[in-house]
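What the coordinates show
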Amino acid sequence: MAGFLASLAVGLMVSIASPSAMAESKTCVLDKTHCSGCVDMVTDRLCDESQFSTCKVRVVDVKKEIGELKIETKDKNGKVVLADLNKKLAGTDYKVVSCK
């Protein structure tokens, strides 16, 4: 029993101390995203490897031109800000509609 509790405590400390455990992770809805070219453009504009540990863009509905962005900050204090994402998409047809 003591060994189990020690293992549990160590596992809990590792998960709490892990930067990704404290990083902000969001799933966002993209407008006007309907093809691989769209995915490439949005990826190029939004997926800054120095800022995000995860950044994946995909088409969800071709006819409705809806895409999805899954993004996670590298920095435990980093934030995913909708307005900042849309600033990076300025000059394109794409827009981040919402994130949760």
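Look up: the structure comes first, before these words.
Below is a short write-up of the structure. All residue numbers here refer to positions counted from 1 along the written sequence of the relevant chain. Where local features are concerned, this predicted model is filtered to residues with pLDDT of at least 70; where side-chain atom pairs are given and counted, the filter is 80 or more; whole-chain, interface and lining totals use all residues. Computation of side-chain values: all heavy atoms of the structure, hydrogens and water removed.

Right, let's talk about the state of the cysteines for a bit. When the sulfur atoms of two cysteines come within 2.5 Å, that pair is taken as a disulfide. Scanning the model with the defined rule gives two disulfides in all. The disulfide bridge from C28 ends at C99, spanning 2.0 Å between sulfur atoms. Residues C28 and C99 are joined through a disulfide that is right-handed, its torsion about the S-S bond being 105°. Of the two residues, C28 sits in strand β1 (residues 25–31) while C99 sits in strand β4 (residues 95–99), which places them 71 residues apart along the sequence. Looking at C28, the relative accessible area reads 1%, which means it is buried. Disulfide pairing is shown between C47 and C55; the S-S distance is 2.0 Å. Around the S-S axis, the bridge from C47 to C55 shows a dihedral of about -65° and counts as left-handed. The cystine pairing of the protein, numbering bonded cysteines in sequence order, is 1-4, 2-3. Free cysteine: C35, not disulfide-bonded; nearest cysteine sulfur from C38 at 3.2 Å. What makes C38 buried here is its relative accessible area of 3%. For the purposes of this entry, the term helix denotes a DSSP run of H or I that reaches at least four residues, the term strand denotes a run of E that reaches at least two, and both are numbered from the N terminus. Type-normalised accessible area, obtained with a 1.4 Å probe on protein chains alone, sets the label of each residue: buried when under 20%, exposed when over 50%, and partly exposed for intermediate values.

Another point: the pairing of strand β3 (residues 66–73). Counting buried positions over the eight residues of β3 gives six, a clear majority of the element. The pairing criterion is simple: DSSP has to find at least two bridges between the two strands. As judged from the seven bridges shared by β1 and β3, these two strands associate in the antiparallel manner. Looking at β3, one finds that V29 is bridged to E68. The hairpin formed by strand β2 (residues 52–61) and β3 contains four residues between the paired strands, and E65 there has a positive phi angle of roughly 55°.

Attention now moves to unusual backbone geometry. For K32, which is not glycine, the phi torsion reads 70° and is therefore positive. Structurally, K32 is set in the loop between β1 and α3 (36–46).

Taken as a class, soluble globular proteins show a tendency for nonpolar side chains to be buried jointly. Here, nonpolar core refers to any group of buried Ala, Val, Leu, Ile, Met, Phe, Trp, Tyr and Cys residues whose side-chain atoms link them within 4.5 Å. Formed by 16 residues in total, the largest nonpolar core has its most connected members in V42, L46, V57, L69, L85 and V96. Listed by contribution, the elements that provide at least two residues to this core are β1, α3, β2 and β3. Counting residues per element, this core draws most heavily on α3, at four residues. Ignoring sequence-local partners within four residues, the contact set of L85 consists of C28, L46, L69, I71, V80, V96 and C99. The criterion used for residue contact is that any of the two residues' heavy atoms lie within 4.5 Å.

From the geometry alone we can't say anything about function, so treat these as descriptive.
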